[in-house]
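Single-letter residue listing:
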Amino acid sequence: MIEFTLNGRPVTLDVDPAMPLLWAIREQAALTGTKFGCGIGACGACMVHLDGAPVRSCVLTTGSVAGRSVTTIEGLAPADGLHPVQAAWIEHQVPQCGYCQSGLIMAVAALLAENPAPTDEEMEAAVSNICRCGTYVRVRRAIRAIAPSPEPSNG
Ligand code: FES
Ligand code: FES
C-alpha cells in the first residue's frame, strides 16, 4: 500500500512501489488528464507536481511519492474557477489536438509559481515539453500575457 496526497486528498493505492506514478494516477486513481507520451521522461506529457515541483510521472516510481503531495491537472484549479494558466490557454486558444497540453500547463504553472517573471531563457529551460502540433508560439504568447518579460537591467 502506498499512501500519499493526491490533489489535496489522502489516497491509499494497492500497487507495486515500482509502478510508474503515471500508471498509478491513470489506472488506479482514474485521473486520465495526465497523458502517456514517450514513457522515458523526454516529452513532458505526463507532468505533475510533486510537493509543488514539476516532475515527469512516467519515470517516477509510485513508492517514491509515499507521504508526499502530488497534484495533477485535475487538481490545479482552485475550487471556484480556473488557474490563471488555464485561463490564459483559453484566451489565447493554445491547444490544437490537446494531447500534450495538460503537461504543458503543469510545467508553466510550476514555473510561474517559482518565478513570476521568467526571462525567455528561463522559460525555455523550464518548459521543454514536446508538442507534436507545434503550439509553441501560442504557448509563449499565453505565458507572456500573464508573466511579462522582466525589465532589462541597466547594469
Ligand atoms: S510520457 Fe513522461 S516524459 Fe513523456
Ligand atoms: S496540442 Fe497536439 S501535441 Fe500539443
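Up top is the structure these notes are about.
Residues numbered from 1 in each chain as written. Chains lettered and ligands numbered in written order. Predicted model: local features only at pLDDT ≥ 70, side-chain atom pairs only at ≥ 80, totals over all residues. Heavy atoms only, no water.

Points about the packing of aromatic side chains
And then number 1: On inspection of all chains with the given rule, the structure shows one aromatic pair.
And then number 2: Arranged with centres 5.7 Å apart and planes meeting at 90°, the rings of Trp 23 and Phe 36 form a pair that is edge-to-face. Of this pair, Trp 23 sits in helix H1 (residues 21-28) while Phe 36 sits in the loop between H1 and strand S3 (47-50); the two residues are 13 residues apart in sequence, bridging distant segments of the chain.
And then number 3: Residue Trp 23 is classed as partly exposed on the basis of its relative accessible area of 36%.
And then number 4: A relative accessible area of 38% places Phe 36 in the partly exposed class. (Phe/Tyr/Trp six-rings, centres within 6.5 Å; stacked < 30°, edge-to-face > 60°. Helix = DSSP H or I, 4+ residues; strand = E, 2+ residues; numbered from the N terminus. Buried < 20%, exposed > 50% of the residue type's maximum accessible area, 1.4 Å probe, protein only.)

Here we look at the layout of surface pockets
And then number 1: Roughly 170 Å³ of volume is contained in the largest pocket.
And then number 2: For the lining of the largest pocket, the elements supplying multiple residues, two or more each, are helix H4 (120-126) and helix H5 (136-146).
And then number 3: In terms of residue count, the dominant contributor to the lining of the largest pocket is H5 (four residues).
And then number 4: Each residue belonging to the lining of the largest pocket can be placed in one class, and the counts come to six nonpolar, one polar and two charged. (1 Å grid on protein atoms, 1.4 Å probe; cavity = no way out; pocket = protein on both sides within 12 Å on 5 of 7 lines; lining within 4 Å. Points joined across faces, edges and corners; volume = space filled by probe spheres on them. Nonpolar A, V, L, I, M, F, W, Y, C, P; charged D, E, K, R; others polar.)

Some thoughts on the pairing of strand S4 (residues 53-56)
And then number 1: With four bridges connecting them, S3 and S4 associate as antiparallel partners. Bridge pairing in S4 places His 49 opposite Pro 54.
And then number 2: As consecutive antiparallel partners, S3 and S4 are separated by two residues, and within that stretch Asp 51 has a phi angle of approximately 50°, a positive value. (Pairing = 2+ DSSP bridges.)

Considerations on the packing of helix H2 (residues 84-91) against H5
And then number 1: In the contact formed by H2 and H5, the axes pass within 9 Å of each other and the chain directions differ by 125°. In terms of axis orientation, H2 runs oblique to H5. The hand of the H2/H5 crossing is right-handed. Between H2 and H5, the contacting residues are Pro 84, Val 85, Ala 88 and Trp 89 on the first element and Val 139, Ala 142, Ile 143 and Ile 146 on the second. (Axes fitted to C-alpha atoms, helices over the stretch in contact; angles between N-to-C directions. Parallel < 35°, antiparallel > 145°, perpendicular 65-115°, else oblique. Left-handed = near helix turned anticlockwise from the far one by under 90°. Contact = heavy atoms within 4.5 Å.)

Fair warning: the whole summary comes from geometry, so function is off the table for now.
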